[in-house]
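Listed below are the residues making up each chain.
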There are 2 protein chains.
Amino acid sequence: MMELNVTVPPAGSQPPGQEQQAAGAGILLQISMLVLSFVLGHLLRRHKFYYLPEASASLLIGLVVGGFANVSKTEMNLRKWFNFHEEFFFLFLLPPIIFQSGFSLAPKPFFSNFGAIITFAILGTFIASVITGLLVYLGGLIFIMYRLPLVECMMFGALISATDPVTVLSIFQELGTDMNLYALVFGESVLNDAVAISLYRTMSSVRSHASSGQHFFVLIVRFLETFIGSMSSGVGVGFISALLFKYAGLDVDNLQNLECCLFVLFPYFSYMLAEGLGLSGIVSILFTGVVMKHYTFSNLSESSQHFVAAFFHLISSLAETFIFIYMGFDIAIEQHSLSHVGFIFFSILFIVVARAANVFSCAYLVNLARPSNQQIPMKHQKALWYSGLRGAMAFALALQSVHDLPEGHGKTIFTATTAIVVLTVLLIGGSTGTVLESLEVVGDVHDDLVGESFEESNGYIAPSYDEGASSGSRLRTRLQEFHRSAASFTALDKNYLTPFFTSQYDESEDLDEQPQRTRRAGFRGH
Amino acid sequence: MMELNVTVPPAGSQPPGQEQQAAGAGILLQISMLVLSFVLGHLLRRHKFYYLPEASASLLIGLVVGGFANVSKTEMNLRKWFNFHEEFFFLFLLPPIIFQSGFSLAPKPFFSNFGAIITFAILGTFIASVITGLLVYLGGLIFIMYRLPLVECMMFGALISATDPVTVLSIFQELGTDMNLYALVFGESVLNDAVAISLYRTMSSVRSHASSGQHFFVLIVRFLETFIGSMSSGVGVGFISALLFKYAGLDVDNLQNLECCLFVLFPYFSYMLAEGLGLSGIVSILFTGVVMKHYTFSNLSESSQHFVAAFFHLISSLAETFIFIYMGFDIAIEQHSLSHVGFIFFSILFIVVARAANVFSCAYLVNLARPSNQQIPMKHQKALWYSGLRGAMAFALALQSVHDLPEGHGKTIFTATTAIVVLTVLLIGGSTGTVLESLEVVGDVHDDLVGESFEESNGYIAPSYDEGASSGSRLRTRLQEFHRSAASFTALDKNYLTPFFTSQYDESEDLDEQPQRTRRAGFRGH
């Protein structure tokens, strides 16, 4: 992608005109694959063939074209056509995907499960990263896999712990599921990206300043610096946008274009502000997405609301499809050595174990804090465990690691990650429908999800705690205090933030939910 | 733009982290300038300050920031921050602008003025290019300006003849004007780009195969090859998209995202197909825009129609604003020699003369063919002459010429073109309101434009010719035949093409006009 070789100096024996022509043909191929993916995904969905979700279809198309590229190596070098610039990835593909994941969080169920989601995302991801990292390190020590230094194992552990919700959530949407499970899976996988990135960056900085990296305390401070710094910058930009749209008076019908132009510039602004400050743009744009959806969005005129919701959905699905195609293509043309295969096999084993440790231990903690009628049932825990496939975020960090780490190490991590993404998407993605059905977490609550609004289906969530959870150990009391503070955050939001940052408080709740619900219903309507 | 220097090898003394940070800050600056441009443009329009149209405001912002960059050269090298990749320009900025200009052509008045528009765009642009080229060559011969070989003068003549409608049209929209004048100015400036590109490419290929370039006949064939080839590929892709959307049955409400994804991929497909075939992507995407608006658009579901219209409007205004900012910035930081100033001064003189020759001679021919009640009045001719400012397209071709021509020549053409664009936008753009008012072509027909549909205001256009234009020389007869064939094209469209390529013929006309009219009304509503 990206090369219309106008600037690039003599990159071969061909005259520049032909270079340009070849680049055009390459992009043409990519666009055709995109179109094909969308059409194939649509056909599969229409025929309710859940064993091959859209992401898998894109991967397979990439695999097939990559296979052809391998065979026909001599004459037309397809690989050269498919050149993929990382700056294109980091500037144009990744930001819309991450923003959209924040932007499409339904605020209500997200906030009412806030405590649980935070536990899974922060503590859980931390557990999963450390366990994966340690196991990979041990695997290297006993020679069953490629040997990496401890800190690089930790980097790998962090990046491979970034889960991707897309495929599982789209199956949830097709089949219908409990709103709380949906919120848990979605919220966890969204916030977990932010934590995984921060962990990765912390480990990476430890690696480059190896001397000072011994203190565990320093690590924690670095992590908090990245995480809280990026989050604050993202939330700050989001709040500024909310105030701008509240007071600028742009929600008049004939200013739609201006309104939308400004709206779509803000996420990018947030991304670049964080990068400029040396923080994580991805984490920042994620929180900007959450805040802009929750506050700014309701300050827009109605037609602009429809537009921006469709706009971000459109560009993120284009970007995501493209990335999956690329990953399939990359796996097909990559030269695989035996050490890679071993590394991939054991890594998959380890991440399954690590995710089990993450989900079941965090669920235990959350259940300690919740009253008995609001426990997370075992089948939900299993569904959460099962839904941890890897996607674009892990791929992005692996791409980064190629530059952060020495030649062989980075390459191994990159290849392993791509393979893990492809395998988990194909295997887990293909079997999710069956597994979720056998766990009985889909289908039965069908009407809840669509027919009623979120408020009504809030059954066991948003605990009131006024009933006085008397019995319990000290840990339980602590946890309940934490959960109470999450609940008080909801109150803060309702009483102060929402009135301050939005113009039409009464309507805003309905407006917020609207596109989300329509889309969900849309996915399942055929 | 575009550098998140992940891939780029050691580009300085800074560590890669800081590189990335600096790039982030650079893009941040660009986004801030974009936001500022939109806000400033909006304020100016709201206060009806027509001396500084939006494009000029963007240019001025670029000039000011560029000025700062010049002053503070030592510490923070702003110029490095503002690195502008040409591939970014040709892949992401230019295609949406050109597509949008084709896509926003209102089909009715465009087709009913088809003959006149074709005359101005093809014959007129040819005349203007040749005259400008010859004058610049003569200027070089008598030492009043930088001396270029004849073929390079012709290339310059071609690229500088690509006019830009944006500023003038937005003033027309603000003030209201005759529908026919609007269609002439818009249609001419849109198609004229295609002709200018084809001429430029023809001359460029003559330059690289200097031996065979002597035959005038070969030139004509080359020109037709590029023009007709690119046009056919664009029209072909447009027709395919129309059929796809007619028969795929995607216009169900819940498939909006799929529908829009496919729709926005087609223009890009057309662009890359033409580039891959060695033709002009720009010309191709332009005609794809015209065809997709006229046929494909009406096969979309209603919500998708609203979305794609807003989508292309959004990205093209972002791209356009960015280009104008960049041009201002570039002029401010460029090192200007005295030879450049002379070249710029005389070039402006020559293009004014050449455009006069273009407009008045073509108008004479058109008037010969039209019955007396349908003549193009002198004040319209003057308005057409005056509205020939230069914009993004000339800039793009000048950027190209830097690579096509030897060092000093390309640089001179690029600098001169940028300066001409900036000056014409500032001077002509600023005075258009006043001049058009003094010509009495704006304001008076206010109600015609908004209140009535295009059909009703078709007063003197779309000549029926059945009345039998008896008197006339042979030339006149010929011209009238040509015009009759243009009219029969309208009939062909109405009777065969539209029913074949669209699903709802009866509605399609209304649907086609809708967004166009809304937007125009929108611009003027405050």
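Residues numbered from 1 in each chain as written. Chains lettered and ligands numbered in written order. Predicted model: local features only at pLDDT ≥ 70, side-chain atom pairs only at ≥ 80, totals over all residues. Heavy atoms only, no water.

Taking an unreviewed UniProt entry as the reference, chain A is identified by name as Sodium/hydrogen exchanger belonging to Dendrobium catenatum. If you open the UniProt record of chain A and go to Subcellular location (unreviewed entry), you find "Membrane". Turning to chain A, the UniProt record has this under Sequence similarities (unreviewed entry): "Belongs to the monovalent cation:proton antiporter 1 (CPA1) transporter (TC 2.A.36) family." (UniProt positions renumbered as here; feature names shortened; annotations may be inferred.)

Novice: With reference to specific residues and values, describe the overall build of chain A.
Specialist: The number of helices and strands found in chain A is 20 helices and zero strands. Relative to its 526 residues, chain A shows a buried fraction of 60%. In chain A, the proportion of contacts linking residues at least 24 apart, taken out of those at least 6 apart, comes to 85%. When the accessible area of chain A is evaluated, it comes to approximately 19,800 Å², of which 65% is carbon and sulfur surface. (Helix = DSSP H or I, 4+ residues; strand = E, 2+ residues; numbered from the N terminus. Buried < 20%, exposed > 50% of the residue type's maximum accessible area, 1.4 Å probe, protein only. Contact = heavy atoms within 4.5 Å. Areas by Shrake-Rupley, 256 points an atom, 1.4 Å probe, with all protein chains shown as cover.)

Novice: I'd like a description of the packing of aromatic side chains, backed by residues and values.
Specialist: Residues and elements named next belong to chain A. Going through the model one piece at a time under the given rule, you end up with 55 aromatic pairs over all chains. Between the aromatic rings of F89 and F395, the centroid separation amounts to 5.6 Å while the plane-to-plane angle is 75 degrees, which identifies the pairing as edge-to-face. Of the two residues, F89 sits in helix α4 (residues 86-103) while F395 sits in helix α16 (residues 392-404), which places them 306 residues apart along the sequence. We note that F89, like F395, is buried. We note K293 situated over the ring of F103; from NZ or CZ to the ring centre the distance is 5.3 Å. (Phe/Tyr/Trp six-rings, centres within 6.5 Å; stacked < 30°, edge-to-face > 60°. Lys NZ or Arg CZ within 6 Å of the ring centre and 35° of its normal.)

Novice: Can you tell me about helix α2 (residues 54-71) of chain A, naming the residues and giving the values?
Specialist: For α2 of chain A, which comprises 18 residues, the first-to-last C-alpha distance of 26 Å matches the rise-based estimate of 26 Å (1.5 Å per residue) to within 8%. Every buried residue of α2 of chain A is accounted for by A55, S56, A57, S58, L59, I61, G62, V65, G66 and A69 of chain A. (Expected span 1.5 Å × (residues − 1).)

Novice: Quick rundown of the pattern of salt bridges? Include the residues and the values.
Specialist: Residue and element names in this part refer to chain A. Under the definition given, this model contains four salt bridges over all chains. Two residues, R355 and E188, come together in a salt bridge whose shortest N-O distance is 3.3 Å. Of this pair, R355 sits in helix α14 (residues 338-369) while E188 sits in helix α9 (residues 179-208); the two residues are 167 residues apart in sequence, bridging distant segments of the chain. (Salt bridge = Lys/Arg side-chain N within 4 Å of Asp/Glu carboxyl O.)

Novice: A description of helix α10 (residues 216-247) of chain A should follow, citing residues and the corresponding values.
Specialist: Given a rise of 1.5 Å per residue, 32 residues ought to cover 46 Å, and the 46 Å separating the end C-alpha atoms of α10 of chain A matches this to within 8%. Directly after α10 of chain A, the chain includes G249 of chain A, whose backbone phi takes a positive value near 65 degrees.

Novice: Tell me about the relation of the copies chain B and chain A, and please be specific about residues and values.
Specialist: The transformation that overlays chain B on chain A combines an axial shift of 0.0 Å with a rotation of 180 degrees, and the residual RMSD is 0.0 Å. Taken together, the rotation and translation relating the two chain copies correspond to the operation of a two-fold axis. Relative to the rotation axis, the closest C-alpha in chain B is found at F307 of chain B, a distance of 3.1 Å. (Least-squares fit on C-alpha atoms with pLDDT ≥ 70 in both.)

Novice: Give a detailed account of the interface of chain B and chain A, specifying residues and quantitative values.
Specialist: Between chain B and chain A, the contact holds 58 residues from the first and 58 residues from the second. A buried area of about 5,300 Å², summed over both sides, lies between chain B and chain A, and 76% of it is on carbon and sulfur atoms. The tally of links from chain B across to chain A stands at zero salt bridges. Our count for the chain B to chain A interface comes out at four residue pairs in polar contact (both at pLDDT 80 or more). The set of elements that each furnish at least two residues to the side of chain B that touches chain A consists of α1 (16-46), α4 (86-103), α11 (256-276), α13 (302-333) and α16 (392-404) of chain B. Broken down by element, the side of chain B that touches chain A gets its largest block of residues, 15 residues, from α11 of chain B. Each residue belonging to the side of chain B that touches chain A can be placed in one class, and the counts come to 34 nonpolar, 19 polar and five charged. (Buried area = accessible area lost by both parts, 1.4 Å probe. Polar contact = N/O pair within 3.5 Å; in protein donor to acceptor, adjacent residues only side chain to side chain. Nonpolar A, V, L, I, M, F, W, Y, C, P; charged D, E, K, R; others polar.)

Novice: I'd like a rundown of the side chain of T432 of chain A, residues and numbers included.
Specialist: Residue and element names in this part refer to chain A. Along the polypeptide, T432 turns up in helix α17 (residues 407-438). Take T432: its relative accessible area is 1%, and that puts it in the buried class. When sequence neighbours within four positions are dropped, the list of residues in contact with T432 reads V168, I171 and Y386.

Novice: Would you mind going over the confidence of the model for chain A in detail, with residue names and values included?
Specialist: Residues and elements named next belong to chain A. Averaged over every residue, the pLDDT of chain A is 78; residues scoring 70 or more account for 79%. Long-range and interchain partners of residues 1-16, a stretch whose pLDDT sits below 50, account for 39 contacts in this model, where long-range means more than four residues apart. Considering only residues more than four positions removed or in separate chains, one finds that residues 505-526, a stretch of pLDDT under 50, has 49 contacts. Across the whole predicted complex the pTM is 0.82, and at the interface the ipTM reaches 0.79. (pLDDT = per-residue confidence, 0-100.)

Novice: Run through the environment of H47 of chain A, naming residues and quoting values.
Specialist: Take H47 of chain A: it is sitting in the loop between α1 (16-46) and α2. Among the polar contacts made by the side chain of H47 of chain A, one reaches the main-chain carbonyl oxygen of L43 of chain A at a distance of 2.8 Å.

Novice: An account of the packing of α11 of chain B against helix α12 (residues 281-294) of chain B is requested, with residue identities and associated values reported.
Specialist: Each pair of packed helices can be summarised by the angle the axes make with each other and by the distance between the axes. Residue and element names in this part refer to chain B. Packing of α11 against α12 leaves a shortest axis separation of 7 Å and a crossing angle of 145 degrees. Along this stretch, α11 crosses α12, giving a crossing that reads as right-handed. Across the interface between the two elements, F263, F266, P267, S270, Y271, A274 and E275 of α11 pack against G281, I282, S284, I285, T288 and M292 of α12. Partitioned by chemical class, the residues of the contact of α11 with α12 number eight nonpolar, four polar and one charged. (Axes fitted to C-alpha atoms, helices over the stretch in contact; angles between N-to-C directions. Left-handed = near helix turned anticlockwise from the far one by under 90°.)

Novice: For the state of the cysteines, give the residues involved together with the corresponding values.
Specialist: All names here are of chain A. Overall, the coordinates contain zero disulfides over all chains when judged by the stated rule. C261 takes part in no disulfide bond, and the closest cysteine sulfur, belonging to C260, lies 7.3 Å away. For C261, a relative accessible area of 0% puts it in the buried group. (Disulfide = S-S within 2.5 Å.)

Novice: Which residues make up the environment of D493 of chain A, and what values go with them?
Specialist: Residue and element names in this part refer to chain A. Mapped onto the elements, D493 comes out in helix α19 (residues 474-501). For the pair D493 and E54, spaced 439 residues apart in sequence, the C-alpha to C-alpha distance is 36 Å. Among all residues touching D493, those that are not within four sequence positions of it are H294, Y295, T498 and P499.

Novice: Go over the environment of M292 of chain B, please, and point to the residues and values.
Specialist: Its place among the elements puts M292 of chain B in helix α12. Sequence-distant contacts of M292 of chain B, that is, excluding residues within four places in its chain, are made with F99, F103, G238, S241, F263, F266, P267 and F297 of chain B.

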